[in-house]
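# Chains, contacts and geometry: an overview
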Amino acid sequence: MQFNEYLKACRENNHLSQEQLVHDLYSHDIENFGSLDTGTVSKWERSVTKPKTAKQVSIIKYFQHKTGVVLPCWDSYTLAEAEERICNVGMRNLIGNSKKHIYDFPSETMRAEDIHIYPLRTFSRMEVLLDMHMHLHQNINHPSLQLSKEQFREWAMHPSSLFIASEYKDAFSGFSFSVKIKPEVFDKVLNFEMKRNEITTDDFAAHDEVGCSLMLGFFAINEKVATLLFIRYYAYLIANQKTIAEIGAVSNSDEAIKLISNMNLQYMKSYMTEDNVKIKAYRQTLSNVLASEYVVKMILAKQGCPEE
């Protein structure tokens, strides 16, 4: 979806004239829209020009406030529909570089159509993948953050988890693990009142129950695979926006924290382990995760018109 399509759809869905939209945006954010007029809005909707990214973010936030919807005009998409509409280049900019989590396997000859992403529970070699994952998991995470293979196996089978794996020409190429847990459990984990390995499936939120997405682990053999895995995760968030309140993570990895920060998660608190390793907690509401400059560049793809 292009920005002009998004703006016009949201305006018309809310039965707003261009004049009313100008008035509302002025009231919502005078710093960005103090000089806005209907002529400019008309140019935006006709793709003559487009606002700067910061203004696009503010427009999304205005419609969030007006409608109470996490991502207005994207709230009826299925996972597959959302995945199809997310821009690869925008996602690649978000994930950046992380040598611990994203390796440098040559990707020039890899075609996107040869990379397949599946729920881990359907992966024919799940045990082999879990063995590989445990090696990475133990190398990257402090012991206080580590989970057992048995926990990963059990959680992978649960319908409230998003444990996905990627395959390239029948070979494992990456994974992304997260779980949707109850808000009160999420709070305990992010406040270091509960360890990740103390979570049980009783703490998972049901499919139609509001919960919070706790990110557990990520790995890809190269940037191309990483991009597709993260597109799937964001498509999952968008498709399930009615039942996901927040996103969070705890980590001791500087590279993971850089990626978490790019996702617009905010630092909350930290604690120092007995062996002097700092563990940091990050969280953010889903509405703020999706109303960010990186996400705007992913979901409102570049148009063939200049910024104002």
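To keep things clear, this report deals only with the structure shown in the data block. Predicted, not measured: the structure shown is a model, and the values here were computed from it.

Another aspect to go through is the pattern of salt bridges. In the structure shown here, the tally under the stated rule is eleven salt bridges. Via salt bridges that share partners, E127, D131, K149 and R153 belong to a single interconnected network.

Running from N to C, helix α1 (residues 3-13) and helix α5 (residues 53-67) point in directions that differ by 20 degrees, and their axes come no closer than 11 Å. Taken together, the axes of α1 and α5 lie roughly parallel to each other. Classified by chirality, the crossing of α5 by α1 is left-handed. Of the residues in α5, those touching α1 at F3, Y6, L7, C10 and R11 are Q56, I59, I60 and F63. Looking at the contact of α1 with α5, its residues break down into seven nonpolar, one polar and one charged.

On to the state of the cysteines, then. Under the counting rule described, the total for this entry stands at one disulfide. Between C10 and C73 runs a disulfide, and the two sulfur atoms are separated by 2.5 Å. Of this pair, C10 sits in helix α1 while C73 sits in the loop between α5 and α6 (79-85); the two residues are 63 residues apart in sequence, bridging distant segments of the chain. A single burial state applies to C10 and to C73, both of which are buried.

Our next topic: the nonpolar core. Membership of the largest hydrophobic core comes to 101 residues, with the highest contact counts inside it found for L120 and Y234. Looking at this core element by element, the count peaks at twelve residues for helix α11 (residues 223-239). Discounting residues that sit within four places of it in the chain, L120 has contacts with M126, L129, L130, A156, F163, I164, A165 and F177.

Further remarks concern the packing of aromatic side chains. Per the stated rule, a full pass over the model turns up 18 aromatic pairs. Taking the centre distance of 6.2 Å and the plane angle of 55 degrees together, the rings of F152 and F163 count as tilted. Taken together, the residues span a long stretch of sequence, with F152 in helix α9 (residues 149-156) and F163 in strand β2 (residues 161-168) at a distance of eleven residues. In this structure F152 comes out as buried when scored by relative accessible area, which is 0%.

The sheet built from seven strands is open, its strands ordered β1-β2-β3-β4-β5-β7-β6 with mixed pairing. The sheet is open, and its two edges are formed by β1 (115-119) and β6 (266-272), each paired on a single side. The sheet shows a mean angle of 25 degrees between the axes of neighbouring strands, taken without regard to direction. Sheet strands in contact with helix α8 (residues 126-140) are β2, β3 (171-181) and β4 (211-220), and its direction is about 75 degrees off that of β3. Across the sheet, helix α12 (residues 254-262) lies against β4, β5 (244-251) and β7 (278-285), angled at about 15 degrees from β7, the strand it touches most.

Conventions used here
Residues numbered from 1 in each chain as written. Predicted model: local features only at pLDDT ≥ 70, side-chain atom pairs only at ≥ 80, totals over all residues. Heavy atoms only, no water. Salt bridge = Lys/Arg side-chain N within 4 Å of Asp/Glu carboxyl O. Axes fitted to C-alpha atoms, helices over the stretch in contact; angles between N-to-C directions. Helix = DSSP H or I, 4+ residues; strand = E, 2+ residues; numbered from the N terminus. Parallel < 35°, antiparallel > 145°, perpendicular 65-115°, else oblique. Left-handed = near helix turned anticlockwise from the far one by under 90°. Contact = heavy atoms within 4.5 Å. Nonpolar A, V, L, I, M, F, W, Y, C, P; charged D, E, K, R; others polar. Disulfide = S-S within 2.5 Å. Buried < 20%, exposed > 50% of the residue type's maximum accessible area, 1.4 Å probe, protein only. Core = buried A, V, L, I, M, F, W, Y, C linked by side-chain atoms within 4.5 Å. Phe/Tyr/Trp six-rings, centres within 6.5 Å; stacked < 30°, edge-to-face > 60°. Pairing = 2+ DSSP bridges.

Functional significance is not addressed by these values, which are geometric in nature.
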